[in-house]
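Listed below, chain by chain, are the residues.
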Amino acid sequence: MTKFLPLFLCFFALGSSVPNVDPWGRTKKQPDHVGIEKEIVAFEIMYDFEARIRGIKFKTPVTIVVSSFKMKKGKGTVVGLCTYGKNFREIDINMQYWHKSTWMTKRTLIYHEMTHCFCGRFHTWSGGEYPDAEKMPKAPLQVGLLGDGCPASIMYPIVVSDDCVAKHWDMYDSEMFDGCNPY
Ligand SMILES: [Zn+2]
């Protein structure tokens, strides 16, 4: 039997009513990074272009950092995180995972987190909200899937496989901007 090790994709909102410690065990009062990490700039330019051709313009800079902080969540690993700070939004990418990923996986990961941080979307697809992936650590989520078992959105809370991305990229690329509330 294949062991299923989920690679979680997360968002985290800082607020006065919730503990101010993010899933990486840190308290972020301000962004860790200035601007966008060099190796991610090209992805951000493509994302921004995709948004613009749909009439969506982002107003506020989002900082993006490839981070060496590691976090286990249940039986999985958090590989990407968008933090909603009081006056900032920042994306953390798990450095270890980033460096061993294919170009396609990197794009999936960064576009997922950008959709959290730039568009304010949560883990949703056209039919509703995905359940919390960490509560179902033993098998992939069985909701919000296409007929072939691929997720119906890149906002699936576990990294979408390169096979599914290759098959459905046009749909994912367009769907991620549905309901975008530009930051
Ligand atoms: Zn996510």
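What this report covers is the structure whose coordinates are included nearby. (Residues numbered from 1 in each chain as written. Predicted model: local features only at pLDDT ≥ 70, side-chain atom pairs only at ≥ 80, totals over all residues.)

## Points about the overall build of the chain
A count of helical and extended segments in the chain gives 4 helices and 7 strands. Relative to its full complement of 183 residues, the chain shows a buried share of 32%. Across the chain, every contact between residues at least 6 apart in sequence was considered, and the portion connecting residues at least 24 apart equals 72%. (Helix = DSSP H or I, 4+ residues; strand = E, 2+ residues; numbered from the N terminus. Buried ≥ 20, exposed ≤ 12 C-beta atoms within 10 Å, placed from the backbone. Contact = placed C-beta atoms within 7 Å.)

## Here we look at the pairing of strand β5 (residues 89-94)
The buried count for β5 comes to 6 of 6 residues, which makes it a mostly enclosed element. Residues Arg 89, Ile 91 and Ile 93 point to one face of β5 and Glu 90, Asp 92 and Asn 94 to the other, with burial holding for every one of them. Direction of pairing for strand β2 (residues 63-67) relative to β5: parallel, over a ladder of 5 bridges. Looking across to β5, one finds that Val 66 is bridged to Ile 93. Of the pairings in the sheet, the one linking strand β4 (residues 76-84) to β5 comprises 5 bridges and is antiparallel in character. Directly across from Thr 83, in β5, lies its bridge partner Glu 90. (Pairing = 2+ DSSP bridges.)

## Some details on helix α3 (residues 103-119)
The terminal C-alpha atoms of α3 lie 23 Å apart, and with 17 residues this matches the ideal 24 Å at 1.5 Å per residue to within 8%. Summarising burial for α3: 13 of the 17 residues are buried, a large majority. (Expected span 1.5 Å × (residues − 1).)

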